Structure formats: structure tokens, C-alpha cells
Amino acid sequence: MTTLDKVVGGAPTRIEGRDKVTGAARYAYEHPVPDAAYVSPVQSTIVRGRVRAVDGSAALAMPGVIAVLDSGNVSRLRRVEDAELAVLQSADVAYRGQIVAAVVANTLEGACEAASAVRVDYEEEGAGEGEHDVVLNPGDPRIFSPEKASAGFAGTVDWGDAESALAAAAVSVDAVYTTPTEHASPMEPHATIAFWEGETLTLYNSDQAPWMSATAIAELFGLPESAVSVIADHVGGGFGSKAVPRPPTVLAALAARAVRRPVKVAATRQQMFALVSYRTPTVQRVRLGAERDGKLTAVWHDALQQSSKLVEYTEPTVGASRMMYATPNSHTAHRLLRLDMPTPSWMRAPGEAPGMFALESAMDELAYALEMDPVQLRIANEPSVDPESGLPFSSRNLVACLREGAARFGWAGRDPTPGVREDGRWLAGTGVASSTYPVFTRASTATAYAGPTGRFVVQIAAVDIGTGARTALTQVAADELGVPMDRVTVRVGRSVFGPAPFAGGSMGTSSWSWAVSKACRALVKKLDERSGLVPPEGLEARADTTEDLAAWKRFSRHSFGAQFAEVRVNVDSGQVRVERLLGVFAGGRIVNARTARSQFLGGMTMGVSMALHEALETDPRFGDFVNHDLAGYHIAANADVRGIEAHWIDEQDDELNPVGAKGIGEVGIVGTAAAIANAVFHATGFRQRDLPITLDRVRAAVRGG
């Protein structure tokens, strides 16, 4: 093979960019299938109870209506761990908005109209006012401590004696922070086309994990894995909500089997708020103890959150507090309350995003109590090994990020006094917070093929959800093959390409690139053995990183970052304007500088959204999300931050994977909200411990009520 300049680390444009902007890229709902019918779900209008009867007669009398489905006339599914997938398998109702029936019709309009004509008779439980079990109440006696949290985190971890250390601390902080219910709200709704050919099921699905979804659906329907094919050529965002199959996908497969023709399901924006998961609200108490020099003597972090009565899901909210700063005494615990609500799940840096808001806000409060610079406080508590596991870090460059960020932001000489920088009716302030996210890497397979014309094809069941994965993997393959990028085609988004993890948890590039690198190296070896000659049928090499991951040395692996924010607060309206955000990150080797910058900026913008806008409001009278559309559920846009910069340090970590990539999709979110909240305190002198930071609370604080 020839030797060319390496393209990993460069900034090529997205390979599929032109297709996307011209409309040539096909998303799940857009694939042409013959004779497709349309499905509209009927959602529960009660919070808890049982369906007595479904009357579909009026719907069936409408033109073009093919079927009305309910729990009495659909295929029986296998029982699986995720009870949310048991669509129409029981007459029981576990939350408002659950699918209790569905209409199949020849047109989308006909299906929607007929769905509104279906009459459902319920046996309702807890129907009296105030009887709905839908509110996270810290005083509820049913709160319990789960043994495990998501992603393998322990429910509770202790070392030393945190209570005694807090009692003896020279300086301490004790505060409660809350984050609201939040929804992923990807631009592309959850959409599926399903069709059966005998006992073989094909799903065009808006999906973050084609292979994993195919295996899950196969298990659910009692089919061999090879009998289910999931295709996700292009996906318009997911943010965790599409990492596993959700009820709309299962409904599509059930409906297609019932009417024996292809069907299309696309959840409306309103339906998505109940059917495709959300981030749990949290109530977090953080207690910090320190010596006068700022060295932490104790970290105490408790997080209360909710789950459904169908599935016990625990967000790993306190996980970062176990490894972020050095301390001889620590208590970190999750507590859970199960309610008559949909099941929460992964969303935009699950665990770290809400947990680090609390920890980094408390660190800022401690810095003020100590009269110490917030950047220096964090540097003073830099651990030499992971405080929880005792493992060495594969690399840890938080201090470098803090110092680089402070220099770029102009932090030096900052007056720490809160509430004194006035510009007419505006107050100004700055804040800082740390970021972190674990390095998750999972086993993956990939196939590399050399054709007789000199072109190469790499196939892997990765998926590009808008992050630029296709381009990054093409860069990796081109470097390993020693050819220009335009001679390599990387095919993704198909479950038939073999086992591969999802695009989530910032694990995509670190996992997939390893398999692509290994497959391409194996192909190069085969070519070298043939002196570069390719037979007419081509040459193929397949790689599996399962054994490589099993041999991974034990390290604590994380990405890190530092976030700096400048805000202006209007004393009359309480409006918070983010004038400037600056982030510096350490995410291993950056594969594509262009798409990496987009990832960091996107994450930071989501952090602005978390800080100032996003909150789902639960109506305790009806057990429903009141603002379940984008008119009432606000998400940050370009106008919400006037200046935003993302930088990174050159980080070489030889204990990751052949590419040296960590994962950057979520670390940019983490810490942003805390940096903004800390800046609001610096501007006004009043702490904002509850997200989002709303105009009414800020105005009341600065105007004395």
C-alpha cells in the first residue's frame, strides 16, 4: 500500500452533506414501499387502571380504514426486561399516554381521523382529585435506594466517614439543587416503516442502534436474530431516545403483521413526550467539607429521582462525584420513587448532566465560602488516581483544560465580588465549571472489502445521527488502507452488517473506529500477502474487537473539560443573556476537527438550553405533561448565546484504542448549566439552585421579592 498524509485529525467536510442539503438523503419514513398503510395510535386518557372495552365501530365505518387494533387482536409478544415494549399485550394502563389501541388506514389523514373516533371504556384507579401518583415528592415514604443505576453504576458508594468529616470540617457547604423533567426532542420524530415477508421482518427505523434494535425486536417477537433487519441510513438526531426500541417501533411491527402489508408509523411531536422516554427530574443534596486551604475532606451527594411502575430505571446522577475530586471521605447515593408515569431513560449525557450541575454549583459555593478562586479550588483537589476505584487514569487533563480556558477567557484578575458590575439596568458576571464524561467502549465488528477496480468498501452497523460518523470512519479507514478518502466507501446503518454498539454514551467513534481499524489492517495484510493483487471477486477481511476489549488494561477512562460563561442579567425583567461561552476539552485524539467542533458547540448549546429553558411541567390533576410540544417546551437556538467557542488540547492516550479517541458527544453538555448558574450568582449575588433559571425567580431575587 502507498503512504499518504494522514487524514485523521484533519477537517474534511461531511461525506453525506450534499445529500442532506439537497434532500437526497432518505430518512426512515421516506423510503418508498409499495402499498403502504398508515398507523395512528390511540393513547390512554387515564393515569392508571384497565381498559374494559375498545369500540372501534365508528372508526371501521370510515372510508379507507383497514383495522382497529387492541390488546385482544394483536400478536402475542415474548416477555422481555423492558415492559414498555409490551405494546397492546395487556388491558392494564400504567400511565397517561400509553398506547391502548391503534388504527390502520390507507392514508395518514384517515388513520388520524379514525383514531379520534375510537371509544375506549376504562376502569380507572385513583380517579379522585389529587390521587394521581405522578409527582416526585421528597417526603414520600415509598422512596427506596436501588442497588444499581444505569450503565453499571452502583446505587450507593461509601468510603471513609463522610458524616464525621463534615461535622469536623473547617468550612462546609450544604445545599439542595433540582433539575426538571426534560425531553430529548430530536428534530426527526420517531418513525418506522415495517413489513413482513413470511417470518422475516424489515424495519426502516429512526434508530441509534440498528444491530442492537434488531436483536431486541427479534427477542420480543420470538424470532431468530437473522429474521429481523433494521435499516437506519440517515437519522435526524436521537439524544438517547432512539438508543433502544420504543413503543412506536413495536406498534409498527405488530400492525404490519396484523394487516399483512407494509405500514408507516410516525409519532407526532405531542405523542413523543409520552412514548419515547425523557430525563427524570432530580432533587439533589450536596454537602462539601474542606480545610481552610481548600482541600476537600468530604463529598456527600444524594440524588432523588423517579421511574415508572413498569420499569425500574435509575439515572447514574452521582457517578461523577465519585471520581471528580480527591477526598478521603465520600458518600454518594441514588434514591428512587416509582410513579404512574412513563419510563425515563438515557438523554444527553445521562447522569453527568444533572449530577455535575449540582456538584459544580456546590464547588462554586465552597469557593466563595473559602474566599478562594473557583478555578484554583478545582486544581487544588485534583486526584492522582480515581478516588473511587483507586485505578490510575489513562489520561486526565482537567487541570490543563482549566488553565487553558482561564487564559483564553481572560479569567485572571476577575473581581469575585458578586452583584457589583452594572451597565445601566444590566448586571454582569462570569462563572466556571468542570466537565467530564466516562469513556465507554463496546465490542464491535466490521468488514473491509477490496474490489478489483481499486476501490474499498467498509461495512459496519454504526449509525450517523448527525454527528459525522460516516466521515470520521472513512478517515480512519483511509489512513489504515493508505489510500485517499475518495477511494473508500463506508456503509453504515444496517443491522445485517453485524454486531455493533449504539450511537450514544459517546461510545460510537471509540468503539466503531477500533473495529474499522482492525478490519482494514487485516485486509492490508491479505493484500500484502498477494503483492497487492486483488482477485476478480475481490478480497475481504472481517474484524471483531470482543477479545481486544477483554484484554483491555484496567484504567479509569474519562473525557474532561472546563466551561467558562459570561452572562448579563436585566434587573427589571430578570432576563439572563449568555454573552459568551468558552469550553476547552480533553477528548483523546480528535478524528475530525470540523465535526468535533460542531459536537462541542452543540453540546454547549444544549447546556444553555438546560440552564435557561428546558422543563416539562407535570399536571398533578391529569397526570400529563402540560407543555408537550415545541411551542411550550423551549429549546435553545442561535439567539440564546451571543458568542460561543470550543477548543481542545492535544491529548495522547495509548490506553484507549488504535485511533486514540475517547468520545466527545456529551462532555460539552456537562458543566455548561453550572457555569451559567455560577455566572448568574456572580452577576446578581443570588444563587439559582433550581433549573431552569427562569425570569420570575431571577427578578424576584434581584428586586427583593
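Everything in this summary refers to the structure shown in the same document.

About the cut-offs
- Residues numbered from 1 in each chain as written.
- Predicted model: local features only at pLDDT ≥ 70, side-chain atom pairs only at ≥ 80, totals over all residues.
- Heavy atoms only, no water.
- Helix = DSSP H or I, 4+ residues; strand = E, 2+ residues; numbered from the N terminus.
- Rg over C-alpha atoms; globule rule 2.2 N^0.38 Å.
- Buried < 20%, exposed > 50% of the residue type's maximum accessible area, 1.4 Å probe, protein only.
- Contact = heavy atoms within 4.5 Å.
- Lys, Arg positive; Asp, Glu negative; His and termini not counted.
- Charge placed at Lys NZ, Arg CZ, Asp CG, Glu CD.
- Pairing = 2+ DSSP bridges.
- Axes fitted to C-alpha atoms, helices over the stretch in contact; angles between N-to-C directions.
- Parallel < 35°, antiparallel > 145°, perpendicular 65-115°, else oblique.
- Left-handed = near helix turned anticlockwise from the far one by under 90°.
- Core = buried A, V, L, I, M, F, W, Y, C linked by side-chain atoms within 4.5 Å.
- Salt bridge = Lys/Arg side-chain N within 4 Å of Asp/Glu carboxyl O.

This paragraph deals with the overall build of the protein chain. The helix and strand inventory of the protein chain stands at 16 helices and 26 strands. Expected size for 705 residues packed as a compact globule is a radius of gyration near 27 Å; at 26 Å, the protein chain falls within 12% of this value. A principal-axis box enclosing the C-alpha atoms of the protein chain has dimensions of 80 × 70 × 50 Å. Here the protein chain holds 705 residues, and 60% of them are scored as buried. Across the protein chain, contacts joining residues at least 24 apart in sequence account for 82% of those joining residues at least 6 apart. A distance of 3 Å separates the average location of the 68 positive side-chain charges in the protein chain from that of its 82 negative side-chain charges.

To continue, consider the sheet that holds strand β18 (residues 445-450). Taken together, the 4 strands give an open sheet; going across it, the order is β20-β19-β18-β21, and neighbouring strands pair in mixed fashion. The open sheet has two free edges, formed respectively by β20 (488-491) and β21 (539-544), since each of these has just one partner strand. In this sheet, adjacent strand axes meet at a mean angle of 15 degrees when their direction is disregarded. With 6 bridges connecting them, β18 and β21 associate as antiparallel partners. Residue pairing across strands places A448 opposite A541, the latter belonging to β21.

For the pair helix α11 (residues 469-481) and helix α12 (residues 508-529), the least separation of the axes is 9 Å and the interaxial angle reads 30 degrees. Taken together, the axis directions place α11 and α12 in an arrangement best described as roughly parallel. The handedness of the crossing between α11 and α12 is right-handed. Contacts between α11 and α12 involve A469, L473, V476, A477, E480 and L481 on the former and, on the latter, W512, S513, V516, S517, C520, R521, L523 and V524.

Right, let's get into the nonpolar core. Counting residues in each nonpolar core, the largest one holds 88 residues, and the members touching the most others are L288, L366, F564, V567, I676 and I693. Per element, the largest residue contribution to this core is 10 residues, and it comes from helix α8 (residues 352-370). Once you skip the residues sitting within four places of it in the chain, L366 turns out to touch V171, V173, L288, A290, L296 and L377. With 42 residues, the next largest nonpolar core counts V8, A232, I465 and V476 among its residues.

Right, let's talk about the pattern of salt bridges for a bit. Counted according to the given criterion, the structure contains 37 salt bridges. The residue D233 makes a salt bridge to R494 at a minimum N-O spacing of 2.9 Å. Placement of the pair is D233 in the loop between β11 (228-231) and α6 (247-259) and R494 in the loop between β20 and α12, with a sequence separation of 261 residues. Given a relative accessible area of 15%, D233 falls into the buried group. Through salt bridges with shared partners, a single ionic network connects R48, E125, D133, D140, R142, K309 and D340.

What follows is about the side chain of E360. Along the chain, E360 falls in helix α8. Exposure remark for E360: the relative accessible area of 0% places this residue in the buried category.

Spatially, the 3 strands line up as an open sheet ordered β4-β2-β6, and their pairing is antiparallel. Each edge of the open sheet carries a strand with a single partner, namely β4 (92-93) and β6 (119-124). In the sheet, strand β2 (residues 49-55) pairs with β6 via 6 bridges, with the strands oriented antiparallel. From the neighbouring strand, R50 faces β6, where its bridge partner is E123.

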